Amino acid sequence: MEELDGEPTVTLIPGVNSKKHQMCFDWGPGEMLVCETSFNKKEKSEVVPSCPFIYIIRKDVDVYSQVLRKLFNESHGIFVGLQRIEEELTGKSRKSQLVRVSKNYRSVIRACMEEMHQVAIAAKDPASGRQFSSQVSILSAMELIWNLCEILFIEVAPAGPLLLHLLDWVRLHVCEVDSLSADVLGSENPSKHESFWNLVTILVLQGRLDEARQMLSKEADTSPTSAGMCRIMGELMRTMPILSPGNTQTLTELELKWQHWHEECERYLQDCTFASNPHLESLCKIMLGDEAALLEQKELLSNWYHFLVTRLLYSNPTVKPIDLQYYAQSSLDLFLGGESSPEPLDNILMAAFEFDIHQVIKECSIALSNWWFVAHLTDLLDHCKLLQSHNLYFGSNMRECLLLEYASGLFAHPSLWQLGVDYFDYCPELGRVSLELHIERIPLNTEQKALKVLRICEQRQMTEQVRSICKILAMKAVRNNRLGSALSWSIRAKDAAFATLVSDRFLRDYCERGCFSDLDLIDNLGPAMMLSDRLTFLGKYREFHRVYGEKRFADAASLLLSLMTSQIAPRSFWMTLLTDALPLLEQKQVIFSAEQTYELMQCLEDLTSGRPVHGGPDTQQCQDDDIETTKVEMLRLALARNLARAIVREGSLEGF
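Analysis parameters
- Residues numbered from 1 in each chain as written.
- Predicted model: local features only at pLDDT ≥ 70, side-chain atom pairs only at ≥ 80, totals over all residues.
- Heavy atoms only, no water.
- UniProt positions renumbered as here; feature names shortened; annotations may be inferred.
- Helix = DSSP H or I, 4+ residues; strand = E, 2+ residues; numbered from the N terminus.
- Contact = heavy atoms within 4.5 Å.
- Areas by Shrake-Rupley, 256 points an atom, 1.4 Å probe, with all protein chains shown as cover.
- Axes fitted to C-alpha atoms, helices over the stretch in contact; angles between N-to-C directions.
- Parallel < 35°, antiparallel > 145°, perpendicular 65-115°, else oblique.
- Left-handed = near helix turned anticlockwise from the far one by under 90°.
- Nonpolar A, V, L, I, M, F, W, Y, C, P; charged D, E, K, R; others polar.
- Buried < 20%, exposed > 50% of the residue type's maximum accessible area, 1.4 Å probe, protein only.
- Salt bridge = Lys/Arg side-chain N within 4 Å of Asp/Glu carboxyl O.
- Core = buried A, V, L, I, M, F, W, Y, C linked by side-chain atoms within 4.5 Å.
- Phe/Tyr/Trp six-rings, centres within 6.5 Å; stacked < 30°, edge-to-face > 60°.
- Lys NZ or Arg CZ within 6 Å of the ring centre and 35° of its normal.

Under an unreviewed UniProt entry, the protein chain has the name Nuclear pore complex protein Nup85 and belongs to Callithrix jacchus. According to the UniProt record, the Subcellular location (unreviewed entry) comment for the protein chain reads "Nucleus, Nuclear pore complex". The Subunit (unreviewed entry) comment attached to the protein chain in UniProt states, word for word, "Component of the nuclear pore complex (NPC)."

Quick look at the structure:
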């Protein structure tokens, strides 16, 4: 098992004193509950409540940022698109497609960074402004790292084009020069502006020699004494050999031309051509790759990786990727000069220059506040076939491990959890198990949300989760007395016990009100009524009422008798069924045959013989008993009359 690189960071909770009081905590899938207890081993003093609050500590607070939500939403579409086109990525088109995906990710990061910058400017509260500015810095660092990884690991730029990519990388992320240029050129006399030479120097440091020549031409126009030197310097800038994207010259040709140009620059410096102008002399030294001259411009370079790229541009423009790490390490050491230690960002960039992908991911996981960056970068690098051999000690590979962490964080949010589902889907080993565990913890606050969760589970054949959700919704419907909805959910859950419970509620409701609610549902139960005996009885009993209403008395009588004799009717409902038989017994036409009448009489006797005897002077109970006695007497009389009529009728028919 890998060891931690250092002690984990300490999270201070306002109002909680862990030194004086015992702490109590409980882990959740995305958060932790913390509170103080009254337990104290050392002091047996009077128990005094100190901190009555329960604190919720979340590990992924970034998911609650409105601006970062756009990052999560838009990158989700890019992620899913990448997984779907995986099978189509073949040959030369594969690399270009992966580079395009990487640039899409970077454009999303940059868009969020710009929006966060506007939010920071508009913030009324200084503390909020500082927080948003901090987020801008983090997003900027994320894009800086991603861009470098894109150049080194995805583009896999060879010697020559590699430096062009690194120059674009520096220009994109060291962008103060644009505002400085606007400031200088906006003045009445740019060459006399106090920042004129700073601007020219920065342009040279970034390899923007055409722009630097234009600025020098302004100096030549306004200062005749330095016009000749400016023209010579401008000509050196113009003739500097650079491998452009459309150029067909070989690296050997470029190196020969560059060596010749370098010697020409050195000759001018040795001839003291620029001796009378320190600014131009400094520029010439920079273009010769003089380390001391470059380090004099620390403030303008601002960081060691800018120093690295400038140093390579003017000393080894055809640097090979394998040599980058040596130049990077020496540039970092020279730039810091032992005055300060590397920051986490420096360590990440250094790991990238060393082509140590796993160290890049590890350092980013420690330094960044959420899993978005490492999860998506690792997934992209995995599609580049760069992580195939790296499995973690607990069974899953690095890509899946980071995607699971990121998706778990999304599930802590009330709406972003829907994005997390797709991330779990594309984790072949542990994704489904993790999804099952997390989806069970989603609070089903509304029926609309419950239906979303249910649809997700049904699409993935998650039978147990479907049943669980349907049970929860059925219970809620029962509590709200929405019996139709409760029955529908219990059928969908295929829960026979709960369907029986709801059916009993329907029957009880019928006994109290004399009519059924939700007739459309009961009339269209279809095969679902076979889920439980009670549900079958409910459906058939409703069918009896419908047939009776259609005046199909013979069919109604047969159905009613079958309900009585099949034992699916609850015994408590027998009296209701026998009472329903009364109108059929009193019809002018004989409906029940003698045999059927005997069966009804047997049911009545079974019911009355099994009734409990109530003692005591309970008035209400006496009244209920009187009503029941009256019903029994009426039924016996009706059954006797019907039996007599049936015997006579059947005897007459036999006589014929």
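And the narrative resumes.
> Would you mind going over the overall build of the protein chain with me for this structure?
Helices and strands together make up the secondary structure of the protein chain, namely 30 helices and 3 strands. Long-range pairs, those at least 24 residues apart, make up 63% of the contacts in the protein chain with a sequence separation of at least 6. In the form shown here, the protein chain has an accessible surface area of approximately 34,900 Å², with 52% of it arising from carbon and sulfur atoms.

> I would appreciate a short explanation of the packing of helix H21 (residues 447-459) against helix H22 (residues 463-479) in the present structure.
Two quantities define a packed helix pair, namely the angle between the axes and the distance from one axis to the other. Following both chains from N to C, one finds H21 and H22 inclined at 160°, their axes separated by 9 Å at the closest point. If you check the angle between H21 and H22, you find them roughly antiparallel. For the element pair H21 and H22, the recorded crossing hand is left-handed. Contacts between H21 and H22 involve Ala450, Val453, Leu454, Cys457 and Glu458 from the former and Gln465, Val466, Ile469, Cys470 and Leu473 from the latter. In the contact of H21 with H22, the residues fall into 8 nonpolar, 1 polar and 1 charged.

> Explanation requested: unusual backbone geometry in the structure shown.
A negative phi angle characterises most non-glycine residues, just as the trans form characterises most peptide bonds. We note that Ser302 has phi near 70°; this positive angle belongs to a residue other than glycine. By the element assignment, Ser302 lies in the loop between helix H12 (298-301) and helix H13 (304-315). Overall, the relative accessible area of 42% leaves Ser302 in the partly exposed class. One non-glycine residue, Gln461, adopts positive backbone phi at about 50°. Within the fold, Gln461 resides in the loop between H21 and H22.

> Even after reading the chapter, I still don't get the pattern of salt bridges, so can you show me in this structure?
Should their charged atoms come close, side chains of opposite charge can pair. Counted according to the given criterion, the structure contains 16 salt bridges. Of the charged contacts in the structure, one is a salt bridge between Arg311 and Glu291, with a shortest N-O distance of 3.1 Å. In this pair, Arg311 is assigned in helix H13 and Glu291 in helix H11 (residues 291-295), connecting sequence segments 20 residues apart. The class of Arg311 is buried, set by a relative accessible area of 9%. On the accessibility criterion, Glu291 (32% relative accessible area) is partly exposed.

> Any chance you could explain the nonpolar core here in plain terms?
Soluble globular proteins tend to bury their nonpolar side chains together. The biggest cluster of nonpolar side chains holds 189 residues, and the ones touching the most others in it are Trp169, Trp304, Phe353, Trp372 and Phe373. At 12 residues, helix H3 (residues 126-155) tops the list of elements feeding residues into this core. Setting aside its immediate chain neighbours within four residues, Phe353 contacts Leu148, Leu152, Leu166, Trp169, Trp304, Leu308, Leu324, Gln325 and Ala328.

> Any chance you could explain the environment of Phe153 here in plain terms?
Mapped onto the secondary structure, Phe153 falls in helix H3. Sequence-distant contacts of Phe153, that is, excluding residues within four places in its chain, are made with Ala352, Phe355, Ile357, Leu381 and Leu386.

> I tried to follow the environment of Ile85 on my own but got confused; where do I start?
Its place among the elements puts Ile85 in the loop between helix H1 (66-84) and helix H2 (91-122). Ile85 gets classed as buried once you look at its relative accessible area, which sits at 18%. With 12 residues separating them along the chain, Ile85 and Gln97 place their C-alpha atoms 9.3 Å apart.

> Looking at this model, I keep getting lost on the packing of aromatic side chains. Mind explaining?
For any pair of aromatic rings, the description consists of the separation of the ring centres together with the inter-plane angle of the planes. Tallying each qualifying case throughout the model produces 18 aromatic pairs. Plain terms: the ring middles of Phe79 and Tyr423 are 4.4 Å apart, the flat faces sit at 25° to each other, and that makes the pair stacked. Residue Phe79 is found in helix H1, and its partner Tyr423 is found in helix H19 (residues 417-425); the two are separated by 344 residues along the sequence. There is no split in this pair, since Phe79 and Tyr423 are both buried. Taking 6.0 Å as the distance between ring centres and 80° as the angle between the ring planes, the aromatic pair formed by Phe79 and Tyr426 counts as edge-to-face. Placement of Phe79 in helix H1 and of Tyr426 in the loop between H19 and helix H20 (431-439) is noted, with a sequence separation of 347 residues between them. Judged by relative accessible area, which is 26%, Tyr426 ranks as partly exposed. Pairwise contacts between aromatic rings join Phe72, Phe79, Tyr406, Tyr423 and Tyr426 into one cluster. Over the aromatic face of Phe335 sits the side chain of Lys298, whose NZ or CZ is 5.4 Å from the ring centroid.

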